[in-house]
Amino acid sequence: MRIRHLFALMTTTHLVFGCGGKADTGEGSDTDSDSDTDAVTDTDESNQSVEKNAYLNGIVVWADGSAAEGLQMRLCHSSCYVASSDADGVYEFPGVEASAYTLQAVVTGDETYGTPTTPITLEADTTRELGAWVVPQFTTSETITGASEVELEGGLTVTADPDAVSRGTYSVSDEASVWSVRVEPDEAGILLEGIEGTVVGLWYLGNYDLQLEPAWSLGGVLELGLDAGTELQVWTASNADKGWSDNGVVTVGENGTLTQSEGVGLSQLTTLLLVQE
């Protein structure tokens, strides 16, 4: 799905907040990163001398294709710019530093939705227009109280261990829980910059941005129509590195069973890709 024209681009006030995921959200003293971001200003004086000549706009929609109004779009490097989507689902970053970022689509105040996240590089004197991103609700959720195998939507499993969990920069909490929704790669609309090969599986995971050390191994049974012995590269979107994190390789076995190479695994709960290279 791709929308070729953007209508009614809103004037967006930018916000910069630090790596801790906490934002001064303007009116009042609420500093929760999930709070509303209307009427905010960029008060980071250190950024005032940096040339802001890179531009980004796009659209977000719900799973039924309707415009997703009021989403918090975060463009994050060492700090984040924030824009809100308007009644048409349109958002705009009209002037930021040329740099590598991650772009997050956040439904504030409702943790039942996935957070589509992808690395993106913006260049000076260039405007990037993104197609429509679909923002779906999670379809599975499970709180982890001990080491156990947890099934994600579609048959993929993770060997979850609550002792491996730590709070990420943008995590709402450090609760050891796993939420998932599987999205068809050709329908997600999300930017997959830097990924080489065919994306055969895409999930949005939560508790968002939890960091996993040691990594959780992947397994399960997926109906991908691939021959036994096919290797799939595993990638997750890394807010820390502003890129795709290499989470190793899974091998397709008989009847679609998946096994992961020893010593690697899921390192964070963000956007998860399985890619046939």
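Residues numbered from 1 in each chain as written. Predicted model: local features only at pLDDT ≥ 70, side-chain atom pairs only at ≥ 80, totals over all residues. Heavy atoms only, no water.

Student: I would appreciate a short explanation of the sheet that holds strand β6 (residues 117-122) in the present structure.
Tutor: Sheets are built from strands that pair by backbone hydrogen bonding, the pairs being arranged parallel or antiparallel. In spatial order, the strands read β3-β2-β5-β6; together these four strands make up an open sheet with antiparallel pairing. Strands with a single pairing partner mark the edges of an open sheet, and in this sheet they are β3 (80-84) and β6. With strand direction ignored, the average angle separating the axes of adjacent strands in the sheet is 25 degrees. (Pairing = 2+ DSSP bridges. Helix = DSSP H or I, 4+ residues; strand = E, 2+ residues; numbered from the N terminus. Axes fitted to C-alpha atoms, helices over the stretch in contact; angles between N-to-C directions.)

Student: Where do I start with the pattern of salt bridges in this structure?
Tutor: Note on pairing: side chains with opposite charge can pair once their charged atoms come close. For the structure shown, the criterion picks out one salt bridge. In this structure, Glu 193 and Arg 128 form a salt bridge, with 2.5 Å as the shortest nitrogen-oxygen distance. Of this pair, Glu 193 sits in the loop between α1 (185-188) and β13 (198-206) while Arg 128 is found in strand β7 (residues 126-135), placing the two residues 65 residues apart along the sequence. Accessibility expressed as a relative area gives 27% for Glu 193, which makes it partly exposed. (Salt bridge = Lys/Arg side-chain N within 4 Å of Asp/Glu carboxyl O. Buried < 20%, exposed > 50% of the residue type's maximum accessible area, 1.4 Å probe, protein only.)

Student: Is there a simple way to explain the environment of Gly 65 in this structure?
Tutor: Note on placement: Gly 65 falls in the loop between β1 (54-62) and β2 (72-76). The exposure class assigned to Gly 65 is partly exposed, which follows from its relative accessible area of 42%.

Student: How should I be thinking about the pairing of strand β20 (residues 271-276) in this particular structure?
Tutor: Working note: regular strand, side chains alternate between the two faces of the sheet. The element β20 is extensively covered by neighbouring structure, given that five of its six residues are classed as buried. Sheet topology note: the β13/β20 ladder contains six bridges and is antiparallel. Each residue of the ladder has a partner; that of Leu 202, found in β20, is Leu 273. Where strand β16 (residues 231-238) lies against β20, four bridges are found, and the strand directions are antiparallel. Residue Val 234 lies in a different strand from β20, and its bridge partner there is Leu 274.

Student: So what exactly am I meant to see when it comes to the packing of aromatic side chains here?
Tutor: Aromatic ring pairs: the centre-centre distance and the angle between the two ring planes describe each pair. With the rule as written, the count across this model stands at three aromatic pairs. Relative to Tyr 113, the ring of Trp 62 has its centre 5.1 Å away and its plane inclined at 45 degrees; by these criteria the two rings are tilted. Taken together, the residues Trp 62 in strand β1 and Tyr 113 in the loop between β5 (99-106) and β6 connect sequence positions 51 residues apart. (Phe/Tyr/Trp six-rings, centres within 6.5 Å; stacked < 30°, edge-to-face > 60°.)

Student: Hey, could you run me through the side chain of Thr 270 in this one?
Tutor: Checked against the element boundaries, Thr 270 lands in the loop between β19 (266-268) and β20. A polar atom in the side chain of Thr 270 sits 2.7 Å from the backbone oxygen of Ala 237. In contact with Thr 270, other than residues within four places in its own chain, are Trp 203, Tyr 204, Leu 205, Tyr 208, Asp 209, Thr 236, Ala 237 and Asn 239. (Polar contact = N/O pair within 3.5 Å; in protein donor to acceptor, adjacent residues only side chain to side chain. Contact = heavy atoms within 4.5 Å.)

Student: Sorry if this is basic, but what is going on with the nonpolar core here?
Tutor: One broad rule of soluble globular proteins: the nonpolar side chains tend to lie buried together. Residues Val 60, Leu 75, Phe 93, Leu 103 and Ile 120 are the most contacted members of the largest nonpolar core, which totals 38 residues. Excluding its chain neighbours within four sequence positions, the residues that come into contact with Ile 120 are Leu 56, Leu 75, Ser 99, Ala 100, Tyr 101, Leu 103, Arg 128, Leu 130, Leu 191 and Glu 193. With 27 residues, the next largest nonpolar core counts Ala 160, Ala 164, Leu 222 and Leu 266 among its residues. (Core = buried A, V, L, I, M, F, W, Y, C linked by side-chain atoms within 4.5 Å.)

Student: What exactly am I supposed to notice about the side chain of Thr 118 here?
Tutor: If you trace the backbone, Thr 118 turns up in strand β6. Looking at Thr 118, the relative accessible area reads 0%, which means it is buried. A distance of 2.5 Å separates a polar side-chain atom of Thr 118 from the backbone oxygen of Leu 191.

Student: Teacher, can you tell me more about the pairing of β5 here?
Tutor: Most of β5 is tucked away: seven of the eight residues are buried. Bridge analysis of β2 against β5 gives five bridges, and the strand direction is antiparallel. Looking at the pairing, Met 73 lines up with Ala 105 of β5. Examined bridge by bridge, β5 and β6 share six bridges and lie antiparallel to one another.

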